[in-house]
Amino acid sequence: MSTHDFDLFVIGGGSGGVRASRIAAGYGAKVAVAEEHRLGGTCVIRGCVPKKLMMYASQFGMALEDSKGFGWGVPEASHEWQSLIRAKDIEVARLERVYEELLGKAGVEAIKGRATIVGAHEVRVNDVSFTASHILVATGATPDVPEIPGAELMVTSSDVLAMQHAPERVAIVGGGYIACEFAGIFKGLGSKVWMVHRGLKLLRGFDEQVREHIGSELAANDIQMRLANTIVGVERKHNAYLLFLGSGEILEVDQVMAATGRRPNSGSLGLERVGVHVDARGAIPVDSFSRTSCEHIYAVGDVTNRLNLTPVAIHEGQAFADTVFGGMPRRADHEGIPLAVFSQPQVAAVGLTEEQACAIHGRVRVYSSVFRPMRAALSGRNERVLVKLIAEATTERILGAHIVAPDAAEIIQGIAIALKAGATKADFDATLGVHPSVAEEFVTLRNARYSTSRQS
Ligand code: NDP
């Protein structure tokens, strides 16, 4: 019998923390979860959910433009940013209540406040101490802003989601997930958009051909690209901002958004007090069971900086609870996780990039196709879709699948199942297409090239 107040004390009520709490409670553990802001964490409150709602809003702008080619007479349309933010806030609050109810039903005690670890088995929230046999850190991450003069004038994705007015002109710094996604959101809602990125290509870590393709698609969608360009400072100019670029160019805009990565929330938690190691980036290193350097303290989600995605945090939380409270040891599995960037068009992938596949397997077969989607025939939009499969040279097992297209995220989910099941090119070939669709290209790819390396 435990002499502690709780069997598990979870710090952070986001996707990973809530899943771990509920599952552990389901196994009979006495569980508390402390959240300093709002239950739901990054994904629900200031990430995936509100971002996707804003992405939907922005797509109507493009649909209105495209509809003319299909015979629609569209009167001048306008968008009310404040109405969107209000509607989005209502939905987010609804989901927050769903999270509260889920915890309540599971018998988890939700505590509002910032938790600090004050002893090996002791956590303090609002000056009240609790003891627990296990502690789980699931505190997520926060947007990081580059250290340049005027950095405090930049907004982050969290600020944008609460902004009361749409900027007419916006510069987005960074070339990762958030930069690409918000470029599409702002563009679709009527802003003039610049992307300022220090690299030559967007989306580091993705397949090189995909990176080239999305860069040209965003540029074709009238996003002003400033690649291989650094930022040196931001200044206020009346109601606008000046963004100074390394190239000497000065952009005058109404908002400068930093989308330059996220920092794990590991500070001021008292981790050092109990011997939990934190790396130079502030991430908590863990083993495959999500155990930290301290035996009874675990960590899941973005604070561990493994693969910073909501389904991954949920999976890690579940595996932790199964292992520690369910008597079923499960390692977190980070293989074959499908990825999607909700840019416009979307980018989605599962498995290896061509470069990774060549590095591991030496010689691979690459099937790819770039084509104009049917919708563009009448809309007149200058857009191209990329569909790509990478197969092992001898067995033709599919090692990676990549797509840049509208609804790419919806398409890759099914492909990810095929890859998990070990599908070969022959399995893809034996599957009939859904016609006419973009997705059918995955089962009609015919011409292969051999690749041994594709330089970035
Ligand atoms: P990313 O790591 O995806 O991208 C950060 C970008 O900022 C990179 O292009 C990077 O360039 C650039 N950068 C970093 N530091 C600087 C600097 N000092 N000056 C200029 N540029 C800089 O981070 P995000 O913030 O976009 O997203 C964080 C994470 O959240 C993602 O990696 C992803 O794991 C997750 N996420 C997932 C989403 C999804 O699943 N759809 C959506 C949003 C976020 P370089 O490439 O040269 O390093």
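Here the structure is a predicted model, which means the values were calculated and not measured. (Residues numbered from 1 in each chain as written. Predicted model: local features only at pLDDT ≥ 70, side-chain atom pairs only at ≥ 80, totals over all residues. Heavy atoms only, no water.)

### Let's talk about the site of the ligand
What counts is decided by this rule: What makes a residue near a molecule or strand is one non-hydrogen atom of that residue sitting within 4 Å of it. Two N or O atoms count as a polar contact when they lie within 3.5 Å, although within protein this holds only if one can serve as hydrogen donor and the other as acceptor, and sequence-adjacent residues are included solely when both atoms are side-chain atoms. Every accessible area reported is derived by Shrake-Rupley at a probe size of 1.4 Å, with residue values counting cover from the shown protein chains alone. In this classification, Asp, Glu, Lys and Arg are treated as charged, Ala, Val, Leu, Ile, Met, Phe, Trp, Tyr, Cys and Pro as nonpolar, and every other residue, Gly included, as polar.
Near the ligand lie 19 residues; those nearest to it are G175, I178, R198, R204 and A340. At a separation of 2.9 Å, an oxygen atom of the ligand approaches a polar backbone atom of G175. Note that an oxygen atom of the ligand is positioned 3.4 Å from one of the backbone N or O atoms of A259. For the ligand, the protein covers 75% of the area, taking 910 Å² as the surface of the free molecule. Of the residues assigned to the shell around the ligand, the class counts are seven nonpolar, seven polar and five charged.

### Considering empty space enclosed by the protein
Worth spelling out the cut-off: A 1.4 Å probe that fits into a set of points on a 1 Å grid over the protein atoms alone but cannot get out defines a cavity; an open set with protein on both sides within 12 Å along at least five of seven lines defines a pocket, and lining residues are those with an atom within 4 Å of a point. Grid points are joined across faces, edges and corners, and a volume is the space filled by probe spheres set on the points.
Applying the stated criterion across every chain, the model contains one cavity of 30 Å³ or more. Looking at the largest cavity, its volume works out to about 40 Å³. Looking at the largest cavity, the residues that line it are P143, D144, T156, S157, I178, A258, A259, T260, G261 and R262. Among the residues making up the lining of the largest cavity, the classes are represented as four nonpolar, four polar and two charged.

### Quick look at unusual backbone geometry
This is how it is decided: Secondary structure elements follow DSSP: runs of H or I of four or more residues count as helices, runs of E of two or more count as strands, with numbering from the N terminus. Throughout this description, buried means an accessible area under 20% of the type-specific maximum (1.4 Å probe, protein chains only), exposed means over 50%, and partly exposed covers the range between.
Put simply, Q344 and P345 share a cis peptide bond, and its omega is 5°. Assignment of secondary structure puts P345 in the loop between β17 (339-341) and β18 (346-351). Omega for the bond connecting H435 with P436 falls within 30 degrees of zero, at -10°, which places this linkage in the cis form. In this fold, P436 is placed in the loop between α12 (425-429) and α13 (441-444). Phi is positive for L203, close to 55°, though the residue is something other than glycine. Assignment of secondary structure puts L203 in the loop between β9 (192-196) and α7 (208-220). What makes L203 buried here is its relative accessible area of 1%. Phi at D222 takes a positive value of approximately 70°, unusual for a residue other than glycine.

The values reported here are purely geometric and, on their own, carry no functional implication.
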